[in-house]
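# Tertiary structure, described
Residue-level listing of the chains:
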Amino acid sequence: MKAEQAKTIKLPSTVLGFDVSADASHLYAACMDGGIYQIDAKTGEFESLFRHDSYASGVSVVPESSLIISSGYDGVLQWYDLATKKQIRKINAHQFWSWQSAVSSDGKFFASVTGQYLAGGLKYEPASETEPSVKVFDAQTGDTVHEFSHVPSVQAVAFSPDNQYVAAGNLMGETRVWELSTGKQLAACQTQSFTSWGIIKVHAYQGGVYSLVFSPDSESVIACGMGQMRDPNTGNGKQTWQRFAWRQKGAPKIAEIKSSEAGGGHPEALAFHPGKEFFVMSGRLAQGKWNTGFFDNKTGALIHSLDCKARITKVRFNSEGTQMFLAGGTGQPKAKDGKYDPFGRIFTYNIA
Amino acid sequence: MKEKHRSNRTAGECPTPEHTLHRRMFLKGLAGAGAISVGSFAGLFSTPAFAEQAKKEQKHCILLWLTGAPSQFETWDPKPGTLSGGPFKAMGTNVPGVQISSLMPKCASIMDKLAVVRSMSTKPSEHAQGINLLNRGAEPRNPFVRPVLGSVLAQQLGHLDSAIPNFILLDPCPEGNEFKGFKAGNLAGWLGAEYGPVRAGGSYGIPDIQRLADMTTTDQNDREALRQFMVKKYENDHKSAAASSQNAAFERVKGLMSCASLFDINKLSEADRAKYGPGTFGIHSLLARNLVENGAPFVMVANGMPWDCHILNHETHQMLVPELDRVIFHLINDLEERGLLEKTLVVAMGEFGRSPWMNASHGREHYPNAWSLAMSGCGIKRGVVVGKTDPEGYGPIEKPFNEKNLFATIFTALGIDPYAEYDLPNMPTFHRVEDNAPAIKEILA
């Protein structure tokens, strides 16, 4: 396979949430400056649609509609109609951040996850949640469909391709899976591989699951994050993904990245290619050769890689699978005359 | 008026070997020693009348040492609506016009009891240098080793008759990268080992300090007298600084033995633990309160180096700042309720601040140019904020202060002459605060 970089789009600040319109003509970015941007995919020209009162952390194009839904560190979800260019709904969903949000592929459900990590014990075990950590909404009406419990902070969420399940992963490396029709929790995939208890500097937990994706057949779920570190503040844990057979008893881990293929860094994004033969994990590189790895769906082997020299927070493909979009940012530059050079980035790759 | 302190050390002499003697080993080595169970200040003195008088006059200092350098944006100097401001909002306080981070609602409610300096501006941008500078109050001048704040206050505020250590470092995380190196270094400097810290907390707990059941008090005293005689003889015969340091350390251990219960987190009340805890920094801050209440002149509370957020700054501060908020709130209120705030200086600070810009790892870098600290209590004006930074927090635009200004402020607040000259034979002239740097008068009561 080949992945050739075709375009780099610059935005004012780091992209934390990202999606692509059905025809890939427009891109949508939720950014650190609180802005939700619409970008012309061909020209790279962008306009600010609306804002959040803190970092904007997610934006999703709702299939079969003209809606986008955004989420932010202000705990607010916003519905926006692209046809009328008007905000149609605003919900105070959480008391803390919406860490991440997602829409189901049938356009019925929208999920957002939250949770503040507060010390719950002498060794800084996370305290119990003070509000539901996972909320599922009707993507059309905004009505709350489910409120699920988890251990804060809950940092990643994904719907299954068959639109029957939602999964959410947390700081402690636990991914829970719920059935949308019943609200019943079906699985808890446990791993300690993503969570560090700082030995060197900070006697507290860091890391956890930063992105989730179900396999195309919805039978397994893949989680990614940084491998364990003695000093989490260095951010150089091994780039790690693990795959769990969540339907099986005990939700066992059935595959993971080969240690020899991983460098150090912080993967934050996962996505399956529409062709279903491989998936991509991307993030920030600390040490190693790539920040974006392409992995064979059957064997888990690294089949291709690249380094776009940026922190990547989201990966998306167009529906044909001929284009890949990596969204994120570089480091924030020092201000010049009170202004910052743009440090948000969207990289477009042609996939063949 | 000059106030002099005579050192028994000479110029160029190697630092005391005290730092090489691991106190835990000392404590474990003393497992057979006896203990007098004392849980109150009065019990630490042989004469109750003297104890009462000393207690009345005693001044204290608690240093909440925030190793690694907390972000001023997520604590005392928020910049809402700016790209450097981060995701947390600012909130109003009970001092009109003053806002702090929304991560600190409890401190916002007692802002009228705090003094905040928003324009600290120092030079070192690396931890080792910053930690030393903000603990010693001056740049190093090798080979002379300036004592840290705790040692100076131990000498100035401590009582030789007190069995409770004069300089206590509550240090539940024995690691801490550069801070680990600092802790292992010569903290007392030219003041000598007797003014060095006693470390406790976490794995430095003191579980082996009780006298063995099969040893009588007489036996223990006899053994201690013999040990003292032999070490003193060795010290005299060989002019050994090591022996002197060992004796000083044993004296501190004897003190510890008599007040061991004050270091035992298992003896803390559930109500107090609920207020300060559950994290170990909060619990050890509670110990600091109790130690001060029982006469300790100086207690430093640290916890590794948790604030060094080169990655995921906000994700880490979301947890650390609420804990700090809770600790400061309860500590100030508890000291006030006990009538101790007037004579106890509380300082919360790290070795510098963090950068206005975020790196690619979503972290903030070291930033000494403009950072914040908070103080309260003895000698400090309440409800004031001094200094101002520019809209993005790049630098002070009003009243920059450095480490010398800070130390002059601390000493003045505690009634100690900041400019006294050390009397150090065969050494250059050193002062508690060099260059006659002025105190931050805006926050002095």
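What you see as residue numbers is a count from 1 along each chain, following the sequence as written. Ligands are numbered from 1 and chains lettered from A, in the order in which they are written. For a predicted model such as this one, the threshold for reporting local features is a pLDDT of at least 70, and the threshold for listing and counting side-chain atom pairs is 80 or more; totals across whole chains, interfaces and linings nevertheless cover every residue.

### What about the overall build of chain A?
From N to C terminus, chain A includes 0 helices and 30 strands. Whereas a compact globule of 352 residues would reach a radius of gyration of roughly 20 Å, chain A reaches 19 Å, a difference of no more than 12%. Buried, partly exposed and exposed are defined by the number of other C-beta atoms within 10 Å of a residue's own C-beta, namely 20 or more, between the two limits, and 12 or fewer respectively, with C-beta atoms placed from the backbone. Relative to its full complement of 352 residues, chain A shows a buried share of 57%. Sequence-distant contacts, at least 24 apart, represent 49% of the contacts inside chain A between residues at least 6 apart. Put simply, DSSP marks the helices as runs of H or I at least four residues long and the strands as runs of E at least two long, and each gets a number from the N terminus on. For the radius of gyration, the atom set is restricted to C-alpha positions; the globular benchmark scales as 2.2 Å times the number of residues to the power 0.38. The contact criterion used is a C-beta to C-beta distance within 7 Å, with each C-beta placed from the backbone.

### Here we look at the overall build of chain B
In terms of regular secondary structure, chain B is built from 12 helices and 16 strands. The burial tally for chain B puts 55% of its 445 residues in the buried class. Long-range pairs, those at least 24 residues apart, make up 76% of the contacts in chain B with a sequence separation of at least 6.

### Re the packing of helix H10 (residues 280-293) of chain B against helix H11 (residues 313-337) of chain B
All names here are of chain B. Structural elements are reduced to axes, namely lines fitted to C-alpha atoms, with helices fitted over the stretch in contact, and the angle between N-to-C directions of any two is expressed from 0 to 180 degrees. Where H10 contacts H11, the axes come no closer than 10 Å and their chain directions differ by 15°. Judged by the angle between their axes, H10 and H11 are roughly parallel. Remark: the crossing between H10 and H11 carries right-handed chirality. For the pair H10 and H11, the contacting residues are Phe281, Gly282, Ser285 and Arg289 in the first and Glu323, Arg326, Val327, Leu331, Asp334 and Leu335 in the second. Residue classes follow a fixed rule: Ala, Val, Leu, Ile, Met, Phe, Trp, Tyr, Cys and Pro count as nonpolar, while Asp, Glu, Lys and Arg count as charged, and any other residue, Gly among them, counts as polar. Here the residues of the contact of H10 with H11 sort into 4 nonpolar, 2 polar and 4 charged. Small angles under 35 degrees read as roughly parallel and large ones over 145 as roughly antiparallel, with 65 to 115 read as roughly perpendicular and the rest as oblique. Take the far helix as the reference: if the near one is turned anticlockwise from it by less than a right angle, the crossing is left-handed, and if turned clockwise, right-handed.

### Side note on the nonpolar core
The tendency in soluble globular proteins is for nonpolar side chains to be buried as a group. Core analysis: the largest hydrophobic core is formed by 121 residues, its most contacted members being Val299 and Val347 of chain B. Each residue touching Val347 of chain B, except ones within four places of it in the same chain, is listed here: Cys61, Leu63, Leu64, Leu373, Met375 and Ile410 of chain B. Joined through C-beta atoms within 7 Å, a set of buried Ala, Val, Leu, Ile, Met, Phe, Trp, Tyr and Cys residues constitutes a nonpolar core. Among the nonpolar cores identified, the runner-up in size contains 102 residues, and Leu49, Tyr55, Phe325 and Ile346 of chain A belong to it.

### A word on the pairing of strand E12 (residues 134-138) of chain A
Walk down a regular strand and you will see the side chains alternate between the two sheet faces. All names here are of chain A. Counting buried positions over the 5 residues of E12 gives 4, a clear majority of the element. Sheet analysis places strand E11 (residues 109-113) next to E12, joined by 5 bridges and oriented antiparallel. Across the sheet, the residue bridging to Ser112 is Lys135, located in E12. Any two strands are treated as partners once DSSP identifies two or more bridges connecting them. Bridging between E12 and strand E13 (residues 144-148) involves 4 bridges; their strand directions are antiparallel. Bridge pairing links Lys135 to Glu147 in E13.

### As for the sheet that holds strand E1 (residues 3-11) of chain A
Residue and element names in this part refer to chain A. Pairing is antiparallel across the open sheet formed by 4 strands, whose spatial order is E1-E30-E29-E28. At either end of the open sheet lies a strand with only one pairing partner, and these are E1 and strand E28 (311-317). Along the sheet, successive strands turn relative to each other by an average axial angle of 20°, direction set aside. Where strand E29 (residues 323-329) meets strand E30 (residues 344-351), 7 bridges bridge the pair, whose relative direction is antiparallel.

### Description of H10 of chain B
Residues and elements named next belong to chain B. What a helix is expected to span follows from its residue count: subtract one and scale by 1.5 Å. Taking 1.5 Å of rise per residue, the 14 residues of H10 would be expected to cover 20 Å, and the 20 Å separating its terminal C-alpha atoms lies within 8% of that figure. In terms of residue burial, H10 counts as a mostly covered element, since 12 of its 14 residues are buried. Buried residues along H10 sit in contact with strand E1 (60-65), strand E5 (167-170), helix H9 (270-276), strand E7 (298-301), H11 and strand E8 (344-349). Looking at the residues trailing H10, positive phi occurs at Gly295, about 110°.

### Quick word on the environment of Lys106 of chain B
Residue and element names in this part refer to chain B. Here Lys106 is to be found in helix H3 (residues 105-109). For Lys106, a count of 16 C-beta atoms within 10 Å translates into the label partly exposed. When the C-alpha atoms of Lys106 and His238 are compared, they prove to be 57 Å apart, with 132 residues separating the residues in sequence. In contact with Lys106, other than residues within four places in its own chain, are Asp325, Arg326 and Phe329.

### Topic: unusual backbone geometry
The amide bond that connects Asn142 of chain B to the next residue, Pro143 of chain B, takes the cis arrangement and shows omega of 5°. By the secondary structure assignment, Pro143 of chain B is in the loop between helix H4 (127-136) and helix H5 (149-157). With a phi angle near 60°, Ala24 of chain A is a residue other than glycine that sits in the positive phi range. Note that Ala24 of chain A resides in the loop between strand E2 (15-20) and strand E3 (26-31). Non-glycine residue Asn436 of chain B carries a positive phi angle of around 50°. Here Asn436 of chain B falls in the exposed class, since 10 other C-beta atoms lie within 10 Å of it.

### Brief notes about helix H7 (residues 217-238) of chain B
Given 3.6 residues per turn, any residue in an α-helix points the same way as the ones three and four places further on. The end-to-end C-alpha separation of H7 of chain B is 31 Å, in line with the 32 Å expected for 22 residues at 1.5 Å each. The element H7 of chain B is barely covered by neighbouring structure, given that only 0 of its 22 residues are classed as buried.

### Details of the confidence of the model for chain B
Residues and elements named next belong to chain B. The quantity known as pLDDT measures the predictor's confidence residue by residue, on a range of 0 to 100. Taken residue by residue, chain B gives an average pLDDT of 85. The fraction at 70 or more is 81%. Here residues 5-46 scores under 50 on pLDDT; set against residues more than four positions off or in separate chains, the count is 94 contacts. Overall fold confidence (pTM) sits at 0.89, and the ipTM for the predicted complex is 0.95.

### A closer look at the environment of Ala274 of chain B
All names here are of chain B. With respect to the secondary-structure elements, Ala274 resides in helix H9. A residue is classified by how many C-beta atoms lie within 10 Å of it, and Ala274, with 10 of them, is exposed. C-alpha separation for the pair Ala274 and Glu315, spaced 41 residues apart in sequence, amounts to 24 Å.

### Things to note about the sheet that holds strand E5 (residues 46-51) of chain A
Residues and elements named next belong to chain A. Reading across from one edge, E2-E3-E4-E5 is the order of the 4 strands in this open sheet, with antiparallel pairing throughout. Of all strands in the sheet, those with a lone pairing partner are E2 and E5, marking the two edges. Direction aside, neighbouring strands of the sheet carry axes that sit 25° apart on average.

### So, the environment of Asp325 of chain B
Residue and element names in this part refer to chain B. One can find Asp325 in helix H11. Considering only alpha carbons, one finds Asp325 and Ser376, 51 residues apart in sequence, at a separation of 14 Å. Asp325 has contacts with Leu103, Met104, Pro105, Lys106 and Cys107, leaving out every residue within four places of it along the chain.

### So, the pairing of E28 of chain A
Residues and elements named next belong to chain A. For E28, a buried count of 7 out of 7 residues is recorded, marking the element as mostly surrounded by other parts of the structure. Relative to E29, E28 runs antiparallel, the two being bridged by 6 bridges. Within the sheet, the bridge partner assigned to Arg316 lies in E29 and is Phe325. Between E28 and E29, which pair antiparallel and follow one another directly, the connecting turn spans 5 residues, one of which, Gly321, has a positive phi of 80°.

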